[in-house]
Every structure is written in structure tokens, then in C-alpha cells.
Amino acid sequence: MSKEPVAVVGIGQTKHAAARRDVSLAGLVREAAVRALEDAGLSWADTDAVVVGKAPDFFEGVMMPELYLADALGAVGKPVLRVHTAGSVGGSTALVAADLVAARVHRTVLAVAFEKQSESNAMWGLSLPVPFQQPLLAGAGGFFAPHVRAYMRRSGAPAAVGSLVAYKDRRNALKNPWAHLHEHGLTLERVQSSPMLWDPVRYSETCPSSDGACAMVLTDRTGAARAPHPPAWVHGGAMRSEPTLFAGKDFVSPRAGRDCAAEVYRQAGVTDPRREIDAAELYVPFSWYEPMWLENLGFAAEGEGWKLTASGATELDGELPVNPSGGVLSTNPIGASGLIRFAEAALQVRGRAGEHQVDGARKALGHAYGGGAQFFSMWVVGHEPPTT
Amino acid sequence: MKPGGAGGARRTAPRDVAIVAFARSDHRGAAEGLSETEMLLPVLHAALEQAGLAPGEADFTCSGSSDYLAGRPFSFTQTLDGVGAWPPVAESHVEADGAWALFEAWVKILTGRADTALVYAHGKPSAGPLRDVLTRQLDPYYVAPLWPDSVSLAALQAQALIDAGHTDEEALAVLARRGGDDAPAGEYVVRPLRAGDCPAVTDGAAAVVLAAADTARRMCARPAWIRGIDHRIEAQALGLRDLTDSPSTRLAAERAGAFRAPVDTAELHAPFTSQEVVLRRALRLDDTVAVNPSGGAHAADPVMATGLIRLGEAAARIHRGASDRALAHATSGPCLQHNLVAVLEGETEGETKGEAR
Amino acid sequence: MPEILTAPLTVSFPFTRSLGPVQSAFLTGLRERTVLGVRTRDGRILVPPVEYDPVTAEEIRDLAEVAPTGTVTTWAWNPAPRPGQPLRTPFAWVLVRLDGADTALLHVLDAPGPHAVRTGMRVRIRWAPERTGAITDIGCFEPYDPHEDDGGDGGDGGDGPRTPAPHHGTFDDPVTGIVAPARLDYTYTPGRAQSRHLAALAGRRITGERCPSCSKVHVPPRGACPTCGVAATEQVEVGPRGTVTTFCIVNIKAKGAGIEVPYVYAHIALDGADLALHGRIGGIPYDEVRMGLRVEPVWTADGRHPDHYRPTGEPDAAYDTYKELL
């Protein structure tokens, strides 16, 4: 039994910002979806199904918003599937859409993910108090910072590595017109002197809170042949989950992440990711997660990820560019952040990443994770159709 | 309603997939003192045992639930504790009734990336004011600020049906009593709907195991083969819709092949008696069909699991030989906005195994 | 079996919703007692006006004014108004097709009883006295008999256009957003395992559960072993002493938290537990906290959980003894 090869033929994003007060929820999602359809040379009537992803409904205060969005998404008379896998949801959204095409259930599927965090407040939405439980004493960053310290202890990484990632990603964002943060004139010194919020994590090393949406059109071989621009082909995609807290949990390098990467590489025929992957869009909400994920994803040996970062290899013109788009550190509409990673990976192999294009990118990795570093979704896309 | 898109023609499913196991909780009202994980765990084990799977052994796991129902963000992450997700599992979650989780799992098996899937759903509507919670599904600008509760919206639909001559209060009362209880239809909750027309909302969980082809035959003496499954949505605003009809149900049924041959059983996700009237018409079900032999969503409505239970109950009837071809339906959103239809079949004697379809 | 705990859980937030241009015109119009619809490509007038055509999905922007009078297309009598609903006294939910519109608007009708409501009856808008640019600027609908028009209460029954008139949709001081407060009151049930744990905490004992399959001890307990997916029922007391496995120094004051910064937020592996829980470290300068520090809980009279953990004075644990718990 053979699967249908899946092609990404359209990609659209909003201009991401702290607050998009000029649009409704539907308007925000439409902005990305219309751009994706334009990129694909398709109209609303050409899509057979819609997959919607976003993080908790409490962020916007709309329960299952895909119901209210059905007509705005051109979905009336079509199937709509709503995915929610915490922070990895954007990636899961793309994978569910890809499966619909691969299984030949639908030919052309629109995947959209969004978050309009300005409708409420991210900290409120993420940390509703739960009775009887000890309140989270430290905020979102406080949840992650101890894991960063554990990584530093394990790997012996010097304290400055985090600032290198933040400096790189924010400079990359200057080449990405959709990015939320455009910090012109940023210097490494400014990154390194920003306030230490959750020691060892500085303010400049944390992600912003954004309004934004991302959309993608996925289709089969016939659809790809008709597409006006080169497609990105899905070579592998996988999701892996593990429990939130358990004996044996490795927060620094979760096994679900390692297993997910191994499965995606297996599907894509990638045996040496460091050599074969030309660009990676990794979900890095705190700068230190770049070296941590480099190890978790097999780009570097355990304890060596920070050396790859420090060597400049992950710069836009480096040997393994990581987050050429500026990444989550520059743009974070939570529910859409994963889909943006997947979309940016696809843009790279389509040669349509504009100023942040990695020269000659032929294979790229999109990565997303969420929950207590427990939900992972990834894909590898290539500029040529998969051979298997 | 038009089928979606020029390329929307349904394409042949390359694999036979069946429901091979089903379990549900039987709470009446609140699951006293149980966390969602504690409520779910025995149900998961019952379904896995039927299929001969150990926790964590299914190739794919997919669940359906709602944060708004639970009153907590990321509520589904806790119930993952009951799955045995170690070593890590291929897993996904829909913010919807578990019937849509089953759809996602069915697609996964069709891709060939999985031979077996565990699908589960859970809801504790006793945790919050359900009628008010569901108002948060509505257009946040024009409708949600009026807090029109779910019974009121169903009542608007019921009155439209009465006005159109499709039913009357007496006919609804007959449907309300069908569950075997002779209770009078009761007081009006929101007229024309009486207490007896409204669902028995309860906490609950359900789990289903899907399997492909020979694996399904190994796990189950008489698998319930999914001959077709499809779902379609309508615009949400009630004022844009003909509330006496359900074009999305009809379209999903067409796509699922429901009209190609008569069914002997139909499990309908109609929490309100009046919605059963709409669905019977849309699905062209006559008196020869056993409608909701399980009691249906009206007799027990564990919100977010109710639709998955319809699929499970229809399959279980095939498993025990009480049905050869059954239709299962699930719904989401106000007044039957989003509808899923599946057609399940058991193999009859004389059919050889290789010719299941 | 200890008492099963429950507690109220209120989810409440005033959501700030920005509006698209069609929504902005409609809601501003309501403030000005003008009802606008939007015209689709095929000439239908949708009221309330949506931003995107529900059939073709194309963006639609052509506005038209319709009448504040209309016809009930269906109704439902609500004898017991619920929180947040527009009227305090029993009322009818109605779908009203305003004169000039092709679709119906959902709102409420103030009527003396169900006997006074029927499908097809004529109604008109009763405007709210204070209008802000929201759907609730329509206070409700009221029965309207054109032959007995009392003209009262700003009904303006006959003023609006009977046929939809094109409208520019521009007003002074347009409404660009709404604030939508939403409060839902839930009851939280932590479950049997957590209830047992909380009951033990009341006696200043910290308990976990041992998995019958893998023998690991999880704290706090959840009733199931998260890795094995089986019920865990054996209670095990852990601690009270433990080891700081990792930590961060919090320099940013969390809203509502009465703790002075900086302070240390740590992961603490209690002796006998197979994973770390989280807590604050006190009784030592923040910059002297280190991985491997041995600590014990400090309880306060009113706290359910330990207030914080303080050093025991024991020698630090060796990295190898807790590195698997990081």
C-alpha cells in the first residue's frame, strides 16, 4: 500500500505583532489563509477540508473557535478538524493535514493555526489557579529556567551561549518581514546586559507574546503539478508524546523528542542529520533551548550542542542554519508558532524565504514541542518529491 | 449544501479499518470524587483488554476533550497519565468530541503508519454550568454576549420544527419516553422543550480500539468495519441556517455511503428529542431502523464522549451480531452545526475474509 | 477513605476583542440606533452583517441600512433567565428577520408570556438607554403593531428604511473593539489520589504512590502510574528531607505573589520519591543555593503545602545521586 506524496504549495502568514487591534479573530486567520491560497494559486472553493490548530481556548475566550470560524474559513459544506496538542499544536496541525492527503481522503487541505493573545493575557491563560495545588511560584520562565541550569551543569556550557542564540535569532528576524520583533541596532552587549529575570535566563533570551496566524495549503501530486510555484515535499512527519511528570523524565533531552526525530529521519531516509539537513526551524522559546534541541535532535552529541551554537554553525550563513526566520524568540503566537516552524522549513526548500533564504536549501526540518516538554511534532521537507 | 471544492470527490480508501473494541463508563450524573484520569483509567483498560493490547501498545493514540468543559487549560495533558505513554507514543488530541479523534485515527491507519489505534474521550460536564459554558462556542461579537444557553438554542430549533409541521410536543414526548422510563415529559425548561426532551447530562469516558485488516480479525471475532466516514460543517449563525434541516448531516452521510444500502441500526448524537427529528429526516431513517437502541445521547450525554459512544455502541451491536450494517452519527456546535456520519458493517456468513469490501 | 475534596474554581476574564471594519460599522451603528446589514454578491442582505460570505467565503463590505422592525421566524420561551442574559424577567429568545434583511438576528423579546409570542409576529427594537457599541445596545425586541404605534420608549418603529438603503458605514468616533467579560463558575475535583495526598499534608506528611508494576514512587500522586498506565494505590510516605536537583533565581515579581524577589525556585527530590517536586528555598541567601543542597520543608500554621524548604545542614548530595532526577 502506498501513500500519496504530499506537497506544500501555499504558505501565508500575518504580520505578527503584540496586538493586532485592526482585525477580528476571523480577520487575523483570513489574512494568513488568503496569502496561502494566493501563493498556491487557488481559491476558497479549491480546498476540500480545513484543519485548525491553536493552543488553549481560554486565550481568546472562545470555546472551539473553529465552529464560529467555519464560514470565514470557506469551510461551509466541508470537514473541519480542530487539533490541540499544547505548544506543538501548530506542527500537529500540518501533520494531520498532510495525513489527510497522504491517506487520499482529501486532495487539497488548508491548515491554519493562530493565537490572538491580546484578547486576553498569556499569563492568565496559562496559569489559571487550580485549587489545592501550590501556585506556580515563578511564572512561565521559572518553569523552564531550572532545566536550562540542569543543561548547563550537564554540558559545562558557558553562560554566554544563550545570548548568542538570542542575538542571532533577532538579527535573522530583521530579514523576515512577518516577524513580530524587529530590533534594529541590537548589539550582543545589549542582549547580555538585559535583566536577569529567572537566573540563568535573561529577558532578552525569552520569547515575546504575539498575535498572529499561519496557513498552509497541502495537496497531492496532481495539485503540485498545477502549482504556480515550486512545492515543498513532505519526506517524513511524526508526533511523539510522553507524560508530563514521571520518574525518569529527562527535561533536558526528553525521550519523546529523540524518538520523534529518529522516526522522522527514518521516514525521510536521513542518516546524518547534521550533514543532510540544510536548515532547521526549531521551537526555541528560550534561547538555551537551541543547544538543548541540537542534541535532542541528533545534530550534536550529548553535551556538545552549545559548541555548535558557539561556533557560529547555526547562523544564517553557517553550516546548519537554525531559525533563519528569527524563530519563536522573535515571533510567538503560541498556537501558530509550530505551524510557522513547519512553514518556514517549507519556504526554505521552496526557495521562497526571501531575505532569510538559506542558499541551496534542499532538505529542512520543522520542529515543535509543547506541554511540559512532552509533546513533539516534526517534519522533514525537501525540494524534490520523496523517492520512497 | 454544495460538496466542497472541485477536487472534493471522495477517493477510495486503500485499507479496511474496523472498530474492534469499545468501552464506556456508566456514571449517572457526576463522577463523584474522581479526577478525569481516575474516571478514564478503567475504561481504557476495558477497551484495551478486549483488543488484547497492553497500555501504550497501540500504534497511535488520539483523544477528544475540551478545556472549557473542564475549566482548565491543557486539561488533556493530565489524562495522558492513564495511557501508559512510556516509551513515548505517537499521539494526538482534538479539542472536540472523541468522534473526531476517531476520524483522525482512522486517517492515520489509512496512511499505513499505524495498524492499531486507541481512541478515547472524556468529559466532566458536572464541573461547570454546561448550559452557560457552551455559550462560549458562539460568535464572540454578536451572540456570546447575550449568553444564549444550549437548551434555549435547541428550543428555537424545536419551535421551527413545530412551525414547519415536522413534529409537535406530543410527538416529542413519545421520543422522550422511549428510553423505557414512563416519566412524564415534565415542566418546560425552555418552551417548547420540556425536561424530558433534554439530555441526561452526565460525566463519562469512552474508549475504542481501531485496527486494520487482518489485525482487526485477530482482535475481534466480528469486527465492525468502517465502510465510510465523513464529517461536514455549516455556518454557525442560527439566522443563516434552516434549522429544520441538517444539510451537513446529509452530505456527510452521502460521502460515507450511508444511502447505498439500508442500515438496520442508527446511533444518533441527538441530545434533544427535537434534534432526533431533524436527523431522522436528513438520514432518511424509517421505522425499520432501530434508532438509538443504546438509549442514545438523550439517555446519557457525557459531553465530548457522547459522539464517540455512538460509534462504539453501533460497533458493539455489530460485534455481538445484533446488527449487520449500522450508521453512527456525532455532532458538535449549536443546533447540529457540525456532523459526522460513519457506516459500519459486520461480515455476514458466506463472505470470505479476503472480500470484506 | 478520606473525605473527597472539591473547591470552587472561577474562570473570569474581561476579553478585549478588536473588530473588523464590518463589525465596527454594525456595532457603532447600533450605538447610533442604526441597524446595518451587509450585501452579498448575489444581493442578499445579511443581518447581523458578517465579514465573509458564508457561501462563497469572499470578503464582503457593502453595507446597507435595514429597519428596526421585523418578523419573528422562531422563538423559545425562557421562564428562568440565566446570568448574563439580557433580561432579568422571563422572556422569549427570538430569531428576527428585520425588514429589508434576508437573514435573522438572534436576540430576546420582552413579552408578558408565551401566549403573547408566535412565529410571524411583528416586533421592533427597544434600544438600551445607555449604548456603547455592542450587541446589547439592542436592549431587547418588543411586540409591535403598526396600527397601534404608541411611539414610546424610542421604538422608532416606522423610521428605518423598509427597503435596505446603501450605507457608508462611517460614524464619528467608531467603535473599534469591545470588552466581553466572561465568568464561569466551576467546581474542581482533584480526585481520590490527590484527596488522600492533601489529607496527609494536613498532618504534615508528604505522600506518594508506588506503581505496582515499575515500583516507582510518584509525588504528588495521580491515581495512575504515568509511565505504566495502571492504577497505583499503595501509599508511601516520602521525605521530609530532600535534595535540590536544579533551580532558578526569580528576579521578577509574579502578580499576586507576596514573595519578595529575588528568591529561589527549586526542584526538590524528596528522599524516597522518584521525581522532583517544586518549591521555594528559604533560610539561606539566594545566591548560596546550589544543586545538591539538602533541604527540609518549613510549614506555616495556615498553609496546606510547605511554605518553603530550608537547608538541613547536611553535606550536599553528590551529583551522581540525583542526576537521574534532573
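What you see as residue numbers is a count from 1 along each chain, following the sequence as written. Here chains are named by letter from A upward and ligands by number from 1 upward, in the order in which they appear as written. Predicted model: local features are reported for residues with pLDDT of at least 70 only, side-chain atom pairs are reported and counted for 80 or more only, and whole-chain, interface and lining totals are derived from all residues. With hydrogens and water excluded, all non-hydrogen atoms of the structure serve as input to the side-chain values.

Going by what an unreviewed UniProt entry lists, chain C is known as DNA-binding protein and is assigned to Streptomyces hiroshimensis.

Going by the annotation in an unreviewed UniProt entry, the name recorded for chain B is Lipid-transfer protein, with Streptomyces hiroshimensis given as the source organism.

Trainee: Got a minute to help me understand empty space enclosed by the protein in this structure?
Mentor: Unfilled space is identified by rolling a water-sized probe across the atoms. Note on definitions: the grid is 1 Å and covers protein atoms alone; a cavity is a set of points where a 1.4 Å probe fits but cannot get out; a pocket is an open set with protein on both sides within 12 Å along at least five of seven lines; lining residues have an atom within 4 Å of a point. Grid points are joined across faces, edges and corners, and a volume is the space filled by probe spheres set on the points. For the structure on display, the rule yields six cavities of 30 Å³ or more. In this structure, the largest cavity encloses a volume near 420 Å³. Along the walls of the largest cavity sit 26 residues, with Asp 139, Tyr 142, Ala 237 and Leu 240 of chain B together with Val 50 of chain C positioned nearest its centre. Partitioning the lining of the largest cavity into residue classes produces 19 nonpolar, four polar and three charged. Taken as a whole, the second largest cavity holds about 140 Å³ of empty space. As for the second largest cavity, its lining consists of 16 residues, and the residues nearest its centre are Phe 251 of chain A together with Leu 275, Ala 276, Leu 325 and Leu 326 of chain C. In this count, Pro and Cys sit with the nonpolar residues alongside Ala, Val, Leu, Ile, Met, Phe, Trp and Tyr, while Asp, Glu, Lys and Arg are called charged and the others, Gly among them, polar. Residues of the lining of the second largest cavity, tallied by class, amount to seven nonpolar, six polar and three charged.

Trainee: Help me understand the pattern of salt bridges in this model?
Mentor: It is possible for side chains of opposite charge to pair when their charged atoms get near one another. For this analysis, a salt bridge means a side-chain nitrogen from Lys or Arg found within 4 Å of a carboxyl oxygen belonging to Asp or Glu. Under the criterion given, the structure shown has 64 salt bridges over all chains. A salt bridge links Asp 211 of chain A to Lys 116 of chain A; the shortest N-O distance between them is 3.9 Å. Of the two residues, Asp 211 of chain A sits in strand 7 (residues 211-219) while Lys 116 of chain A sits in strand 4 (residues 108-116), which places them 95 residues apart along the sequence. The same class applies to Asp 211 of chain A as to Lys 116 of chain A, namely buried. In this structure, Glu 169 of chain B engages Arg 194 of chain B in a salt bridge whose closest nitrogen and oxygen atoms are separated by 3.6 Å. Here Arg 194 of chain B lies in strand 6 (residues 193-194) and Glu 169 of chain B lies in helix 7 (residues 169-177), a separation of 25 residues in the sequence. Strands are runs of DSSP state E lasting at least two residues, helices are runs of H or I lasting at least four, and both sets are numbered from the N terminus onward. When a residue's accessible area, from a 1.4 Å probe over protein chains only, is under 20% of the maximum for its type it is buried; when over 50% it is exposed; and in between it is partly exposed.

Trainee: Even after reading the chapter, I still don't get the domain arrangement of chain B, so can you show me in this structure?
Mentor: For an interface, size is often stated in terms of accessible area lost upon the parts coming together. All names here are of chain B. Residue ranges assigned to the domains are those given by an automatic or database domain assignment. Each domain of chain B was delimited in the assignment, giving domain 1 (17-127 + 200-219), domain 2 (130-197) and domain 3 (224-346). For domain 1 and domain 3, the distance between their C-alpha centroids amounts to 20 Å. Throughout, a residue-residue contact means that at least one pair of heavy atoms, one from each residue, lies within 4.5 Å. Listed as interface residues are 38 residues of domain 1 and, on the opposing side, 33 residues of domain 3. As used here, buried area is the combined drop in accessible area, with a 1.4 Å probe, of two parts when they are placed together. Across the domain 1/domain 3 interface, buried area totals approximately 2,700 Å², and carbon plus sulfur atoms make up 71% of it. When the buried surface of domain 1 facing domain 3 is broken down by residue, Ile 19, Arg 24 and Trp 100 rank first, second and third, together holding 26% of it. Counting every contact that joins domain 1 to domain 3 gives one salt bridge. Close ionic contact of Arg 24 with Glu 313 constitutes a salt bridge, the shortest N to O distance being 2.6 Å. Under this definition, polar contacts are N or O atom pairs within 3.5 Å; protein pairs additionally need one hydrogen-donor-capable and one acceptor-capable atom, and for neighbouring residues in sequence, both atoms have to be side-chain atoms. Run the count over domain 1 and domain 3 and you get 13 residue pairs in polar contact (both at pLDDT 80 or more). At the level of secondary structure, the elements contributing two or more residues to the side of domain 1 that touches domain 3 comprise strand 1 (17-24), helix 4 (98-111), strand 4 (116-123), strand 7 (204-212) and helix 8 (213-219).

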